[in-house]
Amino acid sequence: MRQLIFLSGGILLGAGCGQTASNAQSPRPVSDTEKVGRGTPDRLVTPVNQIVTPLGKQVELAGLRPQVLALSPHGKFLATSGKTSALVIVSPDTGEILQKVALPSEKDREPTPDVSSPNILAPDKDGQLSYNGLIFSPDGRWIYLSNVDGSIKVFAVSPEGRVAPSHSIPLPPVQGLRRDEEIPSGLALSPDGSKLYVCCNLSNQLHEINLADGKVLRSFPVGVAPFEVLLHEGRAYVSNWGGRRPGKGDLTGPAGQGTVVRVDPVRHIANEGSVSVIPLGGGETREILTAPHASALALSPDRRWLVVANSGADNLSVIDTKTDTVAETIWVKPKPSDLLGATPTALAFDSKGKRLYVCNGTQNAIAVVAFDPSDKESKLLGLMPVGWFPSWVVFDAARGMLHVSNLKGHPPAPRAYKAAGAGEGAQGYNTHQYTGSLSLVPLPKEKSLPELSAKVALNLRADRIAEAFLPARPDQPARAVPERIGEPSLIKHVVYIIKENRTYDQVLGDVATGNGDPKLCIFGERFTPNQHKLVKEFALLDNTYCSGILSADGHNWTSSAFGNDYLERSFAGWPRSYPDGMGDNESDALAYSPAGFLWDNVRRGGLSQRNFGEFMIPRIKWADGRKGSPGAAACYKSWKDKTGEVTFASEPAVASLKDVSDPNYVGWSMSVPDQFRADRFLADLKQREASGDYPRMTYVCLPNDHTSGTSANCPTPAACVADNDLALGRIIEGLSHSKFWKETAVFVIEDDPQAGWDHVSGYRTTCYVAGPYVKRGATVSTQYNTTSLIRTMEQILGLRPMNQFDASATPMRDCFTDTPDPAPFVSVPNNIPLDQMNPGSRAEVNPQLRQDALASERMNFREVDKAPEDELNRILWRAMKGPNTPYPEWAVSSAVDDDDD
């Protein structure tokens, strides 16, 4: 009989292969048609199959992803920072935001203990961001904050607890890498407060800094991407996200800015973590090997045990500081064999060292651990629900509380907008309205842990995770989407098409049968006739969401159904890399899911597969060898007229894709028309029709709906979207006329909604499903997201889920029927000329559009997402709606203090 795992009487997670479903039906945490967002103030529906119902008082931090959190030594206030240009000061008693203090200027190099200035909040500015590293001096007079632009920000604290910016401590520039600025991470102070120890996350060093003059006294080599540092008995312990420095002959992969990290030989993903032990009095540094993504550190109150959070392994390593060896491994999930999905990110001991509190980032929970390493009997007691992706935890003994920072969130309510004809009360969202939070949680009694654990399990859809492991039953009839993984499917071939950056309302807001807002639709049926034809002939999905919010996390979600701790923390300015997998020099083995990619899962299943552009780095050149990169006009001409003056090629960002990818297909490049991509795909299809062999799994990157703004010598936004639409229509038409169509299903989704606007949620996006077994003329309002597509494809192909996110996803059965309709799809021609080019700033008459063209011409469209999102979205709005139509002002990345307008 199938069972659920119990800890102290509390249901935590489903488990077990080879068990029956007799007890599988527990209450659903979310209705199948519920929308993403805040249903009630204390309940958030996320776009990753999870519900967030946090304990305690919640402090909303609009515009802030709080990476770090610290309690002042006197206990008067909490300090937090992250993706913001401020240090935020919060009352631990009431949750009131007491101050928002601007970061000190880079020009200020001398201490300025003046706290008489009023609350200050500087404008949000890229680069002034915290990654990790926030501490108080022992006497509480100073606060030190790491800044990813290469400095330590120092704040002065008055005896009354008033905080003011003081000065900056610049770090030495990095030599020999693509980036000059150091990336400071974890911080520690010498016992007398005179020296600051700084983890240098980019140069793989620990700096010892004299606080009297800001000079580096010594530097010590450590492992790859050092994250945190603690001092103990003359030693510095440094956790290294990427483990040991690679040695000669080690297999390595890129880790951002020209650095490398050890990787495994199959998936080429970072595969270890470590702790460097540095004798500060002199001697050789030792390296203690741990599990992947060694991050947070905590020293037990008796200072005997050092605990390391291994975020990539769902466990903790306990180091005996007497011997500097690993004494115990503690799992923060019920069983080591459970799917990846806990992601321990931060640690805090209680006063006696008997209880260890762990932020389980991807479970939105605090794990409570009974700590007993002497007898190797430490164990997980249960879980407490907090906010979305907890990033730091502080134990407050005086108040009997835990204070937790939560990286992610969703605006509590939509904002009003004043678009032409919108009328009163029109409202909407965008994904970049960051709304992180703090959870101020009274310590629960341990007898309540079973109930709290059961609540966490319900929020994580533990029943659906368990259902993913139900054994296939013999003699089951073939279905389009099998009821259980491993049972036969009517579908043999899956084609997965990944587009770029649109919300539902932007494209399908004009479809009367769906939940759209036509006033927010800028790329309606005239520009996207094939996408509109698809939703009329097949299924219209109006409640489907991206799991990511931009390409860096979006392509990881679309390819692996996971966002790890390194990825989520990198939102602090993307200092090491922008790991979208397609930009030149932007692949990063640290950013990828420890459970691997979908193509790794397909390979494990022994199935054939082919990749067209996903996670491929473009290599576009002039055929005659001339310098410079061919532009959009040249690429279009080379494709259209078959001149051959441009060579189209790409190479894999992840080595595991090499043998399954088309090297002449180009994924990301706004210069390459999507018609070229469709031609490559269709030529391959024709060859495979001749051979009679088509892959079980095919990936297609189709990116041009991203657009290049109104840059001169680039296609207009309308032409870009029309190009993308026609390419999609042609690909599906080609498949539908092939011999493989009768056993094919096509899934299409955007990798992210990229700061676009939508009246339901900024995460809501367009999604299309096509094939003989897809329902015809249906409107499907079941809640799906990126992981639902992956889970459905796995269900069809007979592949077990990779992690707890695709395991908990809802298979898209409501889109399918077991009675086929083999009628082919016939694409329709574009209404916009594909070579319609922007006139450029010199030829533009309208002052606003001229300004937009100038701004576009300054933007970087050669690399993924390098163009500023808000500015680009305003340009697209005016290009499509006209310069006099008011922009929906709520579609802006809100500043930290912009929480009530």
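Please read these numbers as outputs of a predicted model, since none were measured by experiment.

J.: How should the overall build of the protein chain be read in this particular structure?
T.: Across its full length, the protein chain holds 14 helices and 50 strands. With the C-alpha coordinates aligned to their principal axes, the bounding extent of the protein chain is approximately 75 × 70 × 60 Å. When each of the 901 residues of the protein chain is scored for burial, the buried share is 65%. Summed over all atoms, the accessible surface of the protein chain reaches about 30200 Å², with 50% contributed by carbon and sulfur. Positive and negative charge centroids in the protein chain, built from 92 and 103 side chains respectively, lie 2 Å apart.

J.: Could you clarify how one ought to interpret the packing of helix H4 (residues 529-537) against helix H10 (residues 717-736) in this entry?
T.: Each packed pair of helices is defined by two parameters, the angle between the axes and the distance between the axes. Running from N to C, H4 and H10 point in directions that differ by 45°, and their axes come no closer than 7 Å. With respect to their mutual orientation, H4 and H10 come out oblique. Contact with H4, carried on its side by Pro529, Asn530, Gln531 and Leu534, involves Asn724, Asp725, Leu726, Leu728, Gly729 and Ile732 of H10 and no other residues of that element. Here the contact of H4 with H10 is built from residues that sort into five nonpolar, four polar and one charged.

J.: Is there a simple way to explain the pattern of salt bridges in this structure?
T.: Here the idea is simple: oppositely charged side chains can pair when their charged atoms come close. Applying the stated rule across the entire model yields 37 salt bridges. In this structure, Glu651 engages Arg619 in a salt bridge whose closest nitrogen and oxygen atoms are separated by 3.2 Å. Highlighted residues: Glu651 in strand S45 (residues 650-652) and Arg619 in the loop between strand S42 (616-618) and strand S43 (621-622), separated in sequence by 32 residues. The exposure class of Arg619 is partly exposed, given its relative accessible area of 26%.

J.: So what exactly am I meant to see when it comes to the sheet that holds strand S20 (residues 235-240) here?
T.: Two orientations exist for strands paired in a sheet by backbone hydrogen bonds: parallel and antiparallel. Strand order in the open sheet made by the four strands is S19-S20-S23-S24, with antiparallel pairing throughout. In the strand order of this sheet, the two ends are held by strand S19 (226-232) and strand S24 (286-290), each with one partner. Mean inter-strand twist for the sheet, computed between neighbouring axes without regard to direction, equals 20°.

J.: What should I look at first to understand helix H5 (residues 551-560) in this one?
T.: What sets the pattern is the α-helix's 3.6 residues per turn: residues three or four places apart point alike. Burial analysis of H5 places ten of its ten residues in the buried class, the great majority of the element. Buried residues of H5: Ser551, Ala552, Asp553, Gly554, His555, Asn556, Trp557, Thr558, Ser559 and Ser560, and no others. At its buried positions, H5 is contacted by strand S38 (493-499), helix H6 (565-569), helix H7 (598-604), strand S47 (744-750), helix H11 (786-797) and helix H12 (804-808). Backbone geometry just after H5 places Ala561 at a positive phi near 60°.

J.: Explain the side chain of Arg65 to me, please; I cannot follow it from the model alone.
T.: Position of Arg65 relative to the elements: it lies in the loop between strand S6 (57-62) and strand S7 (66-71). Only 2.9 Å separates the side chain of Arg65 from the backbone oxygen of Glu568, close enough to count as a polar contact. If sequence neighbours within four positions are ignored, Arg65 has contacts with Ser81, Gly82, Lys83, Leu407, Lys408, Tyr434, Glu568 and Phe571.

J.: Even after reading the chapter, I still don't get the packing of aromatic side chains, so can you show me in this structure?
T.: The geometry of an aromatic ring pair is captured by the separation of the ring centres together with the interplanar angle, meaning the angle of the planes. Under the criterion given, the structure shown has 26 aromatic pairs. Between the aromatic rings of Tyr131 and Trp241, the centroid separation amounts to 5.7 Å while the plane-to-plane angle is 75°, which identifies the pairing as edge-to-face. Highlighted residues: Tyr131 in the loop between strand S10 (97-102) and strand S11 (134-136) and Trp241 in the loop between S20 and strand S21 (252-254), separated in sequence by 110 residues. Each member of the pair Tyr131 and Trp241 is classed as buried. Relative to Phe615, the ring of Phe597 lies with its centre 5.2 Å away and its plane at 65°, an arrangement referred to as edge-to-face. Of this pair, Phe597 sits in the loop between H6 and H7 while Phe615 sits in the loop between strand S41 (609-612) and S42, placing them 18 residues apart in sequence.

J.: Where do I start with the environment of Met802 in this structure?
T.: In this structure, Met802 sits in the loop between H11 and H12. Residues Met802 and Gly341, spaced 461 residues apart in sequence, show a C-alpha to C-alpha distance of 9.7 Å. Ignoring sequence-local partners within four residues, the contact set of Met802 consists of Leu339, Ser560, Ala561, Ala595, Gly596, Phe597, Leu598, Asn601, Arg604, Ile790 and Glu794.

J.: Just checking my understanding: could you explain the nonpolar core for this structure?
T.: Most often, soluble globular proteins have nonpolar side chains that are buried together. Ranked by internal contacts, the top residues of the largest apolar core, which has 182 residues, are Tyr496, Phe747 and Phe816. If one sorts the elements of this core by residue count, H10 sits on top with ten residues. Of all hydrophobic cores here, the second largest spans 23 residues; its members include Trp305, Ala342, Val369 and Phe371.

J.: Explain the side chain of Asp705 here, please?
T.: Following the sequence through the fold, Asp705 ends up in the loop between strand S46 (697-701) and H10. Overall, Asp705 belongs to the buried group, its relative accessible area being 2%. Here Lys499 takes part through its side chain, which lies 3.0 Å from a polar atom of the side chain of Asp705. Not counting residues up to four positions away in its chain, the partners in contact with Asp705 are Lys499, Glu500, Arg502, Cys720, Val721, Asn724 and Glu750.

J.: What's the story with the confidence of the model for the protein chain in this structure? I'm lost.
T.: In regions of low pLDDT, the predicted coordinates are not meant to be interpreted in detail. Overall, the predicted model of the protein chain reaches an average pLDDT of 90, with 91% of residues at or above 70. Considering only residues more than four positions removed or in separate chains, one finds that residues 14-29, a stretch of pLDDT under 50, has 46 contacts.

J.: Mind showing me how you'd approach the sheet that holds S7 here?
T.: Strands sit in the order S7-S8-S9-S10 across an open sheet of four strands; the sheet is antiparallel. With partners counted over all chains shown, the strands left at the sheet margins are S7 and S10, one partner each. Looking at each pair of strands side by side, their axes are set apart by 20° on average, direction ignored. Bridge count between strand S9 (residues 86-90) and S10: five bridges; the pairing is antiparallel. Bridged to Ala86 within S10 is Ala102.

Rules and cut-offs
Residues numbered from 1 in each chain as written. Predicted model: local features only at pLDDT ≥ 70, side-chain atom pairs only at ≥ 80, totals over all residues. Heavy atoms only, no water. Helix = DSSP H or I, 4+ residues; strand = E, 2+ residues; numbered from the N terminus. Buried < 20%, exposed > 50% of the residue type's maximum accessible area, 1.4 Å probe, protein only. Areas by Shrake-Rupley, 256 points an atom, 1.4 Å probe, with all protein chains shown as cover. Lys, Arg positive; Asp, Glu negative; His and termini not counted. Charge placed at Lys NZ, Arg CZ, Asp CG, Glu CD. Axes fitted to C-alpha atoms, helices over the stretch in contact; angles between N-to-C directions. Parallel < 35°, antiparallel > 145°, perpendicular 65-115°, else oblique. Contact = heavy atoms within 4.5 Å. Nonpolar A, V, L, I, M, F, W, Y, C, P; charged D, E, K, R; others polar. Salt bridge = Lys/Arg side-chain N within 4 Å of Asp/Glu carboxyl O. Pairing = 2+ DSSP bridges. Polar contact = N/O pair within 3.5 Å; in protein donor to acceptor, adjacent residues only side chain to side chain. Phe/Tyr/Trp six-rings, centres within 6.5 Å; stacked < 30°, edge-to-face > 60°. Core = buried A, V, L, I, M, F, W, Y, C linked by side-chain atoms within 4.5 Å. pLDDT = per-residue confidence, 0-100.

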